[in-house]
Amino acid sequence: MRRHIPFERLHNFRDLGGYRTADGGTVRWETLYRSDSLAKLTDAEPSDLQRFRALAVTTVIDLRYPWEIAAKGRLPETEAVSWHNLSIEHRPYDQAEIDPDVDPWRYLADRFAEVAEDGAEELRTALEVIAAADGPLVFHCASGKDRTGLLAALVLGLLDVPDEEILADFALTELATERLVADWRATHPGRELRWPGYGRAPADVLRLFLADLRDRHGSVHGYVTGHVGLDPAVIARLRSRLVQAP
């Protein structure tokens, strides 16, 4: 229950704390969160906003496209947080329309690879913002699944959290799938949901993606310092800020 923060309108808000690192440290609780779209707080029950404010979040990274924000809104601007829009995905696709006959997890892993290739600048900035934040931070996309899952995997990888923990964290979105599908149906009345895997986040997707990333770049660290161009000093700040020593 400490990992899953319950909201009425948010279905996938989670604390990334508590994971063990290779050197015996622990990712700090109540410091880094991942979520589905915080725009849902705009029309949420007052208790949802009160719960969000109680987390004392100082920084929000919104990973959605600007056109998604224009259509769906953003975190209410009355909230006293530093807000950053970093659209890491550059090739939009409609998950509801994915061909049901394709290998779904291979397909999603390939989309993750595109984001890792195209979104290097935005990913670098996101990691820099996380490292420099002076209080709790949350990053999110629409469902808190793919773009959010990719960034979470990179952060945890840079903190030397073992793969099995990173994969397990990714797969926790499966607990929100039913509610994410219900939201999609409510906002698309009369439209067919063609892809049966909508809202799913099995560990196999991330396992395939990380294997491909390492084949190309050697390691998560090699990808981030190479293709993304992140200064190693930022990785050191990430570890200092997010990892509690044993």
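What counts and what doesn't
Along each chain, residues carry numbers from 1 onward, in the same order as the chain's sequence is written. In keeping with the model being predicted, local features are shown solely for residues with a pLDDT of at least 70 and side-chain atom pairs are shown and tallied solely at 80 or more, while totals for entire chains, interfaces and linings include all residues. The basis for every side-chain value is the complete set of non-hydrogen atoms in the structure, without hydrogens or water. Strands are runs of DSSP state E lasting at least two residues, helices are runs of H or I lasting at least four, and both sets are numbered from the N terminus onward. Only C-alpha atoms enter the radius of gyration, while the globule expectation follows 2.2 Å times N to the 0.38, with N the number of residues. Each residue is placed in one exposure class: buried if its accessible area under a 1.4 Å probe, protein chains only, is under 20% of its type's maximum, exposed if it is over 50%, and partly exposed if it falls in between. Pairs of residues are marked as contacts when any of their non-hydrogen atoms sit within 4.5 Å. Note on areas: these come from Shrake-Rupley sampling with a 1.4 Å probe, and a residue is covered only by the protein chains present in the view. A residue counts as positive if it is Lys or Arg and as negative if it is Asp or Glu; His and the chain ends are not included. Taken as the charge location is NZ of Lys, CZ of Arg, CG of Asp or CD of Glu. Lining residues are those with an atom within 4 Å of a point, where the points come from a 1 Å grid over the protein atoms alone and group into cavities, where a 1.4 Å probe fits but cannot get out, or pockets, open sets with protein on both sides within 12 Å along at least five of seven lines. Grid points are joined across faces, edges and corners, and a volume is the space filled by probe spheres set on the points. In this classification, Asp, Glu, Lys and Arg are treated as charged, Ala, Val, Leu, Ile, Met, Phe, Trp, Tyr, Cys and Pro as nonpolar, and every other residue, Gly included, as polar. To get an axis, a line is fitted to the C-alpha atoms, and for a helix only the part in contact is used. The angle between two axes follows their N-to-C directions and goes from 0 to 180 degrees. When describing relative orientation, an angle under 35 degrees is termed roughly parallel and one over 145 degrees roughly antiparallel, while 65 to 115 degrees is termed roughly perpendicular and anything else oblique. Left-handed is the label given to a crossing in which the near helix is rotated counterclockwise from the far helix by less than a right angle, and right-handed is the label when the rotation is clockwise. Each salt bridge in this description consists of a side-chain nitrogen of Lys or Arg and a carboxyl oxygen of Asp or Glu lying within 4 Å of one another. In this scheme, strands are said to pair when DSSP sees at least two bridges between them. When the strands point away from the viewer, a crossover counts as right-handed if the path from the first strand over the helix to the second runs clockwise.

A. Seen up close, the overall build of the chain. Of the regular secondary structure elements, the chain holds ten helices and seven strands. The globule rule puts the C-alpha radius of gyration for 246 residues at 18 Å, and the 17 Å found for the chain is close to it. Structurally, the chain occupies a C-alpha span of about 50 × 45 × 30 Å along its principal axes. Classification of the 246 residues of the chain by burial places 53% in the buried group. The long-range share in the chain, meaning contacts at least 24 apart out of those at least 6 apart in sequence, stands at 74%. Carbon and sulfur atoms form 50% of the exposed surface of the chain, whose accessible area is close to 10800 Å². Here the chain contributes 30 positively and 40 negatively charged side chains, and the mean placements of these two sets differ by 3 Å.

B. How the structure looks around empty space enclosed by the protein. According to the stated counting rule, one finds one cavity of 30 Å³ or more in the structure shown. In this model, the largest cavity occupies a volume close to 40 Å³. For the largest cavity, the full set of lining residues is E89, Y93, R111, F112, V115, D146, R147 and L150. Examining the composition of the lining of the largest cavity, we find that three residues originate from one element, helix 3 (residues 104-118), more than from any other. For the lining of the largest cavity, a count of residues per class yields four nonpolar, no polar and four charged.

C. Highlighting the packing of helix 5 (residues 147-158) against helix 6 (residues 163-171). Two elements in contact, helix 5 and helix 6, have axes separated by 10 Å at closest approach and are oriented at 155 degrees. On the basis of the axis angle, helix 5 is roughly antiparallel to helix 6. As for how helix 5 packs across helix 6, the hand of that crossing is right-handed. Taken together, the residues of helix 6 that come into contact with helix 5 (itself represented by G149, A152, A153, L156 and G157) are I166, D169 and F170. For the contact of helix 5 with helix 6, the per-class residue count stands at five nonpolar, two polar and one charged.

D. Seen up close, the pattern of salt bridges. Enumeration over the complete set of coordinates arrives at 24 salt bridges. Linking K40 and D183 is a salt bridge whose minimum nitrogen-to-oxygen distance equals 3.3 Å. On the criterion of sequence distance, the pair formed by K40 in the loop between strand 3 (32-35) and helix 1 (46-54) and D183 in helix 7 (residues 177-187) is long-range, its members being 143 residues apart. Several salt bridges converge on common partners, so that one network encompasses R9, D36, K40, D43 and D183.

E. Molecular detail of the pairing of strand 5 (residues 82-85). In terms of strand pairing, strand 4 (residues 59-62) meets strand 5 through four bridges, oriented parallel. Within strand 5, the position partnered with D62 by the bridge is N85. Regarding topology, helix 2 (residues 66-72) serves as the crossover connection from strand 4 to the parallel strand 5, and that connection is right-handed.

F. Layout of the layout of surface pockets. Each pocket or cavity is described by its volume, and for the largest pocket that value is around 1000 Å³. Around the largest pocket sit 32 residues that line it, and E68, K72, A142, S143 and Y198 are the ones nearest its centre. Looking at the lining of the largest pocket residue by residue, the classes come out as twelve nonpolar, seven polar and 13 charged. In this structure, the second largest pocket spans a volume of roughly 160 Å³.

G. Structural detail: the sheet that holds strand 4. The strand order 1-3-6-4-5 describes an open sheet built from five strands, whose pairing is mixed. Single-partner strands in this sheet number two, and they are strand 1 (14-15) and strand 5. In this sheet, strand 3 lies alongside strand 1 in antiparallel orientation, the contact comprising two bridges. Across the sheet, the residue bridging to D15 is Y33, located in strand 3.

H. Expanded view of the environment of E178. Here E178 lies in helix 7. In this structure E178 comes out as exposed when scored by relative accessible area, which is 69%. Taking the C-alpha atoms as reference points, E178 and R200, 22 residues apart in sequence, are found 9.0 Å from one another.

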